[in-house]
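Descriptive analysis of the structure
Take a look at the letters that make up each chain.
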Amino acid sequence: MDMFKFLCMSGMPVNQCSLCIFLDVLRKEIRLYEYIEFTVAAASFLLVLCYFPSKPPTPPSISAGCERLGFVQGLKALLTHGRFWQIGIVYGISTGVLSGWSSVLDVNLKYFGIGEDEAGWIGFYSMVSGSVAAFIFSRITDLIHHRIKIVLLIVLFGATTAFTWFFLVCLKILPDLKVSLYLSAILGVLFVNGAVPLFFELAVETTYPIPEDATMGMLTLMNNVGCLIFLLLPMDGELKDTMDDWMNPMMAGSCFICIPLMIFFKVQYRRLSVDKRIVMT
């Protein structure tokens, strides 16, 4: 994209020849990116083949060493586990919509005069901040046991506020400042992505003794379903032509609708209670 901008800004006529040069450079950069991705994935796969134990030498906790359901039995149990579906729907809506929203951020922002490079940097800073926030939120809940639900409610409220701010800035209802656009997007992604390990922890606590791999697999599936639904919407011609009208309010609304669902969620720390009960005895 930088070469194409250079050709346009230099005053040179963007004819068929210059366009071919741009496409050739773009094709090579994409191929290089795919080679890098393949190398990392292949190296990781080989490391797993060489050495990846099925479990650590000693259980990380007392409950981890207790008898669990099998993987298939756990999946069957999850299908009829009402409280798991409650937390799973909240996770799927909030993180699934965010995954779809982030993947088309450049398309979203072009309607508001934001270029592809600018949108890319907004997405980059947002994802990095979300990764850092995940460690911070996890550490907070380690220090204050039995408070995951409260932290999640605060996080969802913060995400709703941030994405509403982003939406209003795009509509120029609030001051159209670049710093506002960056801050609102970064904060919104920070809150949602930072909450991912909390959703995982709460789901595992709720479904114990169902094995963690079954619970995590189902949560990941629900995230993918939420993302797929979001990305399928633009396939409708009318919705595709009005993406700037619904994408940002949908992102804010997806976080908002999760708040009442979490309020009525009844928390049970089943795994933690097993660890504490055995330690006390």
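Residues numbered from 1 in each chain as written. Predicted model: local features only at pLDDT ≥ 70, side-chain atom pairs only at ≥ 80, totals over all residues. Heavy atoms only, no water.

Proteins that are soluble and globular tend to have nonpolar side chains buried together. Of all hydrophobic cores here, the largest spans 60 residues; its most connected members are Ile87, Trp101, Leu109, Leu152, Phe163, Phe166 and Met262. Put simply, the parts of the chain that give this core at least two residues each are helix H4 (82–103), helix H5 (105–110), helix H6 (116–143), helix H7 (148–170), helix H8 (178–194), helix H9 (196–207), helix H10 (212–232) and helix H12 (243–263). With residues near it in sequence (within four places) discarded, Leu109 still touches Ile114, Ala119, Ile122, Phe166 and Cys170. (Core = buried A, V, L, I, M, F, W, Y, C linked by side-chain atoms within 4.5 Å. Buried < 20%, exposed > 50% of the residue type's maximum accessible area, 1.4 Å probe, protein only. Helix = DSSP H or I, 4+ residues; strand = E, 2+ residues; numbered from the N terminus. Contact = heavy atoms within 4.5 Å.)

A few words on H7. The end-to-end C-alpha separation of H7 is 33 Å, in line with the 33 Å expected for 23 residues at 1.5 Å each. Directly after H7, the chain includes Lys172, whose backbone phi takes a positive value near 65 degrees. (Expected span 1.5 Å × (residues − 1).)

Okay, the pattern of salt bridges next. Inspection of every chain in the model, using the stated rule, returns two salt bridges. With its nearest N and O atoms 3.8 Å apart, the salt bridge here joins Arg27 to Asp24. Remark: Asp24 and Arg27 occur in helix H2 (residues 16–50); sequence separation between them is three residues, near one turn of the helix. Overall, the relative accessible area of 45% leaves Arg27 in the partly exposed class. For Asp24, a relative accessible area of 31% gives the class partly exposed. (Salt bridge = Lys/Arg side-chain N within 4 Å of Asp/Glu carboxyl O.)

One pass over the structure, following the stated rule, counts zero disulfides. Lacking any disulfide linkage, Cys258 is separated from the closest cysteine sulfur, that of Cys255, by 6.6 Å. (Disulfide = S-S within 2.5 Å.)

Relative orientation of the contacting elements H8 and H9 amounts to 25 degrees, with a least axis distance of 5 Å. In terms of axis orientation, H8 runs roughly parallel to H9. When H8 is examined against H9, the residues Val192, Asn193 and Gly194 are found in contact with a partner set consisting of Val196, Pro197 and Leu198. Of the residues belonging to the contact of H8 with H9, the class tally is four nonpolar, two polar and no charged. (Axes fitted to C-alpha atoms, helices over the stretch in contact; angles between N-to-C directions. Parallel < 35°, antiparallel > 145°, perpendicular 65-115°, else oblique. Nonpolar A, V, L, I, M, F, W, Y, C, P; charged D, E, K, R; others polar.)

Contact geometry of H7 with H9 gives a least axis separation of 10 Å together with a crossing angle of 145 degrees. Both H7 and H9 take part in a crossing whose hand is left-handed. Facing Ile148, Val151 and Leu152 of H7, the residues of H9 in contact are Leu198, Phe199, Glu201 and Leu202. Residue composition of the contact of H7 with H9, grouped by class: six nonpolar, no polar and one charged. (Left-handed = near helix turned anticlockwise from the far one by under 90°.)

Turning to the packing of aromatic side chains, a few remarks are in order. The final tally for this structure, using the stated rule, is 10 aromatic pairs. Relative to Phe200, the ring of Tyr91 lies with its centre 5.6 Å away and its plane at 45 degrees, an arrangement referred to as tilted. Residue Tyr91 is found in helix H4, and its partner Phe200 is found in helix H9; the two are separated by 109 residues along the sequence. Under the relative-accessibility criterion, Phe200 is labelled partly exposed at 24%. Relative to Phe124, the ring of Trp121 lies with its centre 5.6 Å away and its plane at 90 degrees, an arrangement referred to as edge-to-face. Note that Trp121 and Phe124 are positioned in helix H6 at a spacing of three residues, about one turn of the helix. Classification of Trp121 as partly exposed rests on a relative accessible area of 46%. (Phe/Tyr/Trp six-rings, centres within 6.5 Å; stacked < 30°, edge-to-face > 60°.)

Okay, the environment of Val274 next. Topologically, Val274 is positioned in helix H13 (residues 270–280). Exposure remark for Val274: the relative accessible area of 11% places this residue in the buried category. The sequence separation of Val274 and Ser63 amounts to 211 residues, and the corresponding C-alpha distance is 6.2 Å.

Residue Pro209 follows Tyr208 across a cis peptide bond; omega there is 15 degrees. Positionally, Pro209 belongs in the loop between H9 and H10. A positive phi angle, close to 65 degrees, is found at Lys172, a residue other than glycine. For Lys172, the position within the fold is in the loop between H7 and H8.

In short, shape yes, function no, at least from these values alone.
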